[in-house]
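Below are the chains, spelled out letter by letter.
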Amino acid sequence: MTASTNDFVIKFANVNGSGSASANELFAKAILRMGVPVSPRNIFPSNIQGLPTWYEVRVSAAGHLGRRGGVDLMVAMNPQTFEADVREIEAGGYLFFDSTKPLPPGVRSDIEVIGMPLTMLCVKHYDDPRQRQLLKNVLYLGGLSMLLGIEADVVETLLSEQYKGKPQLAQPNIDAFRLGRAWAKDNLKHPLKFAVVRADNVGDRIFIDGNSAAGLGCVYGGATVCAWYPITPSTSVAEAFEKYCHKFRVDADGKRKFAIVQAEDEIASIGMVVGAGWNGARAFTATSGPGVSLMTEFLGLAYFAEIPATIVNVQRGGPSTGMPTRTQQADVLSCAWASHGDTQHVLLFPEDPHESFGFAADALDLADKLQTPVFLMLDLDIGMNQRLCKPFQWDAERTHQRGKVLDAEALESGVPFGRYRDVDGDGIAYRTYPGTHPVRGAYFTRGTTKDADARYSERGPDYLENVHRLKRKFETAKSLVPQPIIERAHRPTSIGVLYFGSTSPSMHEAAQRLAAEGLALDLMRIRAYPFPDSVRDFVLAHEQVFLVEQNRDAQLRTLLIHAFDLDPARVTAVLHYDGTPITARFIAGAIRDRLAAVRQEVAA
Amino acid sequence: MTYIAKPKLHHPSLTRNRVGFTRRDYEGKISTLCAGCGHDSISAAIVQACWELDIEPHRVAKLSGIGCSSKTPDYFLGQSHGFNTVHGRMPSVLTGAYLANRDLLYLGVSGDGDSASIGIGQFVHAMRRGVDMTYIVENNGVYGLTKGQFSATADQGSKSKKGVENTDSPVDLVSLALQLGASFVARSFSGDKAQLVPLIKAAMKHRGAAFIDVISPCVAFNNHGGSTKSYDYVREHNDAVNRLDIIEGRAAIEVVQPDDGVIDVEQHDGSVIRLRKLEADYDPRDRLEAMNFIAHHAAKGEVVTGLLFVDADARDFHAHLKTAPTPLNQLDTAALCPGAAALEKVNAGLR
Ligand SMILES: Cc1ncc(C[n+]2csc(CCOP(=O)(O)OP(=O)(O)O)c2C)c(N)n1
Ligand code: SF4
Ligand SMILES: [Mg+2]
């Protein structure tokens, strides 16, 4: 590897539960405060204590926030994974380790080794075993800050902020940081081949995880009922909602303008959301794939009974005993077509926390406007990792759009009411909330056996009228959901690439890289299902179309081909699904290889 | 089939209650259940109870699961919003609805299959939470709608119509509700309107989780000799612990002279449940005694009915959650959205 400034990957290998998380996060934040973009990723096991955990920080002056792949500096703090961690270091990179014990023999000769006697220093300076453990993390932070040129002031300010109001904690941390820094200054060769140098590439961007952003978005979007069941990686959505509700929604007398229920399971969670939505409150649940599976019966009912519901699905890998702490976009089909009967659901695909916030609020509006379940499709990569993104925005004039609801006044004035009549031709009927009017507007809610006035009917024509109207409603949804975003290449090209969700930063980096190689790509980021017609137009306007996804079976491609009756040969899938976030290296490689193969075929 | 609207023949002599409605205004569509089905008697009792309580029909939300029993909300309170949800999951939908608007009365109707088998988890947790509702299980010991399979409340040794014996031990929802902390627990019999109507009234006046297990014979599949949920069996083995009256807001509209065996229980809204004890030593304010008493009689093959337990001072789920008095579904953007300026502060804290 060659020397570089503000462009490298550092990985911390720790033991889960050792208190390393906050030190590592502080490291990432310090670099951000120096004006240099970073993108950290937690790679953690499904347990609380004892198993290995990694924190990988990509430092990128150019602002590439996708996972790069490869490690330039490994902070190897976990003896259990030491060997494997060392293997991951790029040739010419560094190994940073606790030199209290000597390095095992035979460590690679193509890397540079930096030893700092962390345990020894801790034992020397601290008596309390817990303090020794926690401050060890701060010690290496001090050492690394020296080696990498991270400004001491910045770290010390962050430490003071972190322990605001707890000076008895702040000072020992700052002292430990200084101790580590001083030791490195006196004993280690520095700076390294790569360093952090103050820049101005961060701007006004914020640094937050997508789950917290979605939770806040639900507060802004006016959700009042949240029913959920704990599951990684979605738990922090409900936790964030609760945190922000306590901040913003508690009256002076302690009364709460929200209700949060940790339900007995996901069936109950969605049941409560459906009940609240039926009764006119904005409600949401947060879950992951296994939870969605349990919810499917209710999702079908909500689709047919036309009840607003918002479901935040933070996707992970595979089934319950699968890869709960790994990322994938593998619930596309299970959500789009969740449930039995002819059902279809609206999906929103945010690319980062900024959109997670906005789309969460949008989802609540859409669910009300369309009177149907709406999924906010996050994944572990954007959900549980802090990501640099545009600041949250909220239009001061914006009000919650509650959709077509007849109130007491409307009913009193004699507006005719039939719950499932398509009065406006857009497939969306008017509804009433229970308890609105003494003698008008009541109706009986059930699945499919009904006529347009919500009366019991098993007649075929009534059924058809209803499901055809639902189809019209889904057409209407196309124009209401977030529209796709096109980024054209600098010159006309016949190659188009579709992508969505957390793939975004790696896709951009890959496109830049390929452009530098002379390969121009038009990009379209899909942001919702049902796909607006512009998605079909994009496909048809390009000779060669790639669709990048993080699942095995090209699920979005299936939806796309189905939605527009496309010739499957028109869309080539680029698929990444080992549970790690997709990289630019992978995307660029796959597209490059595919195009080379096509050229060969043509030549042959 | 299509619906049949009940002819609205408003006979001038139909008495209006204090809120101006006749008994007819509390009725619904014509029932499609089998003639003689116990469930229809329960619907009639609900109609009577709501009319007598002077409840405006639209202030009730009625919810159910799936089953013959769960169909019944279409057959009463036609001017109330109703929701026929999914099998066994009425409690969660009711809970959500109750969270959305604390001002309505919630009436959940379910079956023994719905609540004691597929939905037992939701039954359990709705009781635990103290959702303010009246939860009626129309208990016939079978799955009526799917044609006569045993349900989990069928007694061990009872026989199906085809003569097959049930070997599993039964779930007693009343004992379960008591154990789970329900604050109003009663059992009754669909054939005993004099007992059932006041029980429903008292349950609807109660704040907190009110549960009534109503034995409701299925004439199609479970009303034969070997069944312990048949009309004959229940009539013979019914052992009522008390009879009750509801006295609204302490206004003396009382009909029965109190005697020695009377217990008055004042509910949160000032109404009084007056119990005429039939069992001398039975006090429905003691949860443990209630559990004992029921178990003791069950062992003898007796079905105890009446108000078995009430905690008139119970707090409901909204009280636990400290929810604002204004129903959540009536809060607007100004009340719910922290606004652009607050967001700027959030942003500033994330840099
Ligand atoms: C998920 C699901 N499984 C099975 C059924 C079929 N099903 C409909 S009603 C019923 C049993 C109803 O029994 P109960 O609640 O006792 O009502 P009853 O008809 O006896 O009043 C069953 C199993 C269903 N509707 N949904
Ligand atoms: S089958 Fe049984 S429960 Fe169903 S309507 Fe007939 S009698 Fe009632
Ligand atoms: Mg039954």
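Above: the structure in question.
Description of the structure in this document. Each residue is numbered by its place in its chain's sequence as written, counting from 1. Working convention: letters from A go to chains and numbers from 1 go to ligands, in the order in which they are written. This being a predicted model, a pLDDT of at least 70 is required before a residue's local features are given, and a value of 80 or more before pairs of side-chain atoms are given or counted; all residues contribute to the totals for chains, interfaces and linings. Remark: hydrogens and water are excluded; side-chain values derive from all non-hydrogen atoms of the structure.

1. Some details on the site of ligand 1
And step 1. Neighbouring residues of ligand 1: 18 residues in total, closest Cys68, Ser69, Gly113, Asp114 and Gly144 of chain B.
And step 2. By convention in this text, a residue qualifies as near a molecule or strand provided that one of its non-hydrogen atoms is within 4 Å of it. In this structure, ligand 1 is bordered by residues of chains A and B.
And step 3. Any pair of N or O atoms that falls within 3.5 Å is considered a polar contact. Within protein, one atom must be able to donate a hydrogen and the other to accept it, and sequence-neighbouring residues count only if both atoms are side-chain atoms. Histidine 39 of chain B is positioned such that a nitrogen or oxygen atom in its side chain is 2.9 Å from an oxygen atom of ligand 1.
And step 4. For every accessible area listed, the method is Shrake-Rupley and the probe measures 1.4 Å; residues are considered covered only by the protein chains on display. Protein contacts shield 77% of the accessible area of ligand 1, which totals 590 Å² for the unbound molecule.
And step 5. Looking at the shell around ligand 1, the element that brings in the most residues is helix H4 (residues 112-118) of chain B, giving four residues. The secondary structure listing takes helices from DSSP runs of H or I that are at least 4 residues long and strands from runs of E that are at least 2 residues long, numbered from the N terminus.

2. A word on the pattern of salt bridges
All names here are of chain A.
And step 1. Any Lys or Arg side-chain nitrogen located within 4 Å of an Asp or Glu carboxyl oxygen qualifies as a salt bridge. Applying the stated rule across the entire model yields 53 salt bridges over all chains.
And step 2. Across the salt bridge formed by glutamate 161 and arginine 33, the nearest N and O atoms sit 2.8 Å from each other. With glutamate 161 in helix H5 (residues 152-162) and arginine 33 in helix H1 (residues 20-33), this residue pair connects regions lying 128 residues apart in the sequence.
And step 3. The class for glutamate 161 is partly exposed, based on a relative accessible area of 40%.
And step 4. Per-residue accessibility, obtained with a 1.4 Å probe over protein chains only, is compared with the maximum for each type, and a residue is labelled buried under 20%, exposed over 50%, and partly exposed between these values. With relative accessibility at 27%, the residue arginine 33 sits in the partly exposed group.

3. Brief notes about the pairing of strand E13 (residues 309-315) of chain A
All names here are of chain A.
And step 1. The buried fraction of E13 is high, at seven of seven residues.
And step 2. On E13, burial covers both faces: Ala309, Ile311, Asn313 and Gln315 on one face and Thr310, Val312 and Val314 on the other are all buried.
And step 3. Only when DSSP finds a minimum of two bridges between them are two strands counted as paired. Across four bridges, strand E12 (residues 283-287) lies against E13 in parallel orientation. Counterpart to threonine 287 in the pairing with E13 is asparagine 313.
And step 4. Here is how to tell: hold the view so the strands point away, follow the path from the first strand over the helix to the second, and if it runs clockwise the crossover is right-handed. In this fold, the crossover linking E12 to E13 by way of helix H10 (residues 289-305) has right-handed handedness.
And step 5. Bridge analysis of E13 against strand E15 (residues 373-379) gives seven bridges, and the strand direction is parallel. Counted as the bridge partner of alanine 309 is proline 373 from E15.

4. Concerning the coordination of the magnesium ion (ligand 3)
Residue and element names in this part refer to chain B.
And step 1. With water excluded from the atoms, a metal site may look incomplete; its donors are any N, O or S atoms within 2.8 Å, or within 3.2 Å for Na, K and Ca. Those protein atoms acting as donors to the magnesium ion (ligand 3) are Asp112 (OD), Asn140 (OD1) and Val142 (O), and they sit at 2.1 Å.
And step 2. One chain supplies every donor for the magnesium ion (ligand 3), spaced along it as D-x27-N-x1-V. Of this pair, aspartate 112 sits in helix H4 while valine 142 sits in strand E5 (residues 142-143), and the two are 30 residues apart along the sequence.
And step 3. For aspartate 112, a relative accessible area of 1% corresponds to the buried category.

5. Structural notes on the sheet that holds strand E7 (residues 112-116) of chain A
Residues and elements named next belong to chain A.
And step 1. The sheet built from six strands is open, its strands ordered E3-E4-E2-E5-E6-E7 with mixed pairing. The two strands at the open ends of the sheet, each matched to only one other strand, are strand E3 (38-43) and E7. Across the sheet, the mean angle separating the axes of adjacent strands is 15° when strand polarity is ignored.
And step 2. Across five bridges, the pairing between strand E5 (residues 71-76) and strand E6 (residues 89-98) is parallel. Following the sheet pairing, valine 75 is matched in E6 by phenylalanine 96.
And step 3. Of the strands in this sheet, strand E2 (7-15), E5, E6 and E7 are in contact with helix H4 (residues 129-148), which crosses E2 at around 165°. Inter-axis angles, ranging from 0 to 180 degrees, are taken between N-to-C directions of lines fitted to C-alpha atoms, where helices are fitted over the stretch in contact. Note on contacts: a residue pair is in contact if any heavy atoms of the two residues lie within 4.5 Å.

6. Brief notes about the packing of H4 of chain A against helix H6 (residues 167-187) of chain A
Residue and element names in this part refer to chain A.
And step 1. At a minimum axis distance of 7 Å, the contact between H4 and H6 shows a crossing angle of 45°. Of the possible angle classes, the one that applies to H4 and H6 is oblique. The interaxial crossing formed by H4 with H6 has right-handed handedness. In this structure, H4 uses Gln131, Leu135, Val138, Leu139, Leu141, Gly142, Gly143, Ser145 and Met146 to contact H6, whose residues at the interface are Pro172, Asn173, Ala176, Phe177, Leu179, Gly180, Arg181, Ala184 and Lys185.
And step 2. A per-class count over the contact of H4 with H6 returns 10 nonpolar, six polar and two charged. To sort the angles, those under 35 degrees are grouped as roughly parallel, those over 145 as roughly antiparallel, those from 65 to 115 as roughly perpendicular, and the leftovers as oblique. The hand of a helix crossing depends on one turn: near helix anticlockwise from the far one by less than a right angle means left-handed, and clockwise means right-handed. The nonpolar class holds Ala, Val, Leu, Ile, Met, Phe, Trp, Tyr, Cys and Pro. Asp, Glu, Lys and Arg form the charged class, and all remaining residues, Gly among them, are polar.

These figures come from the coordinates and say nothing about function on their own.
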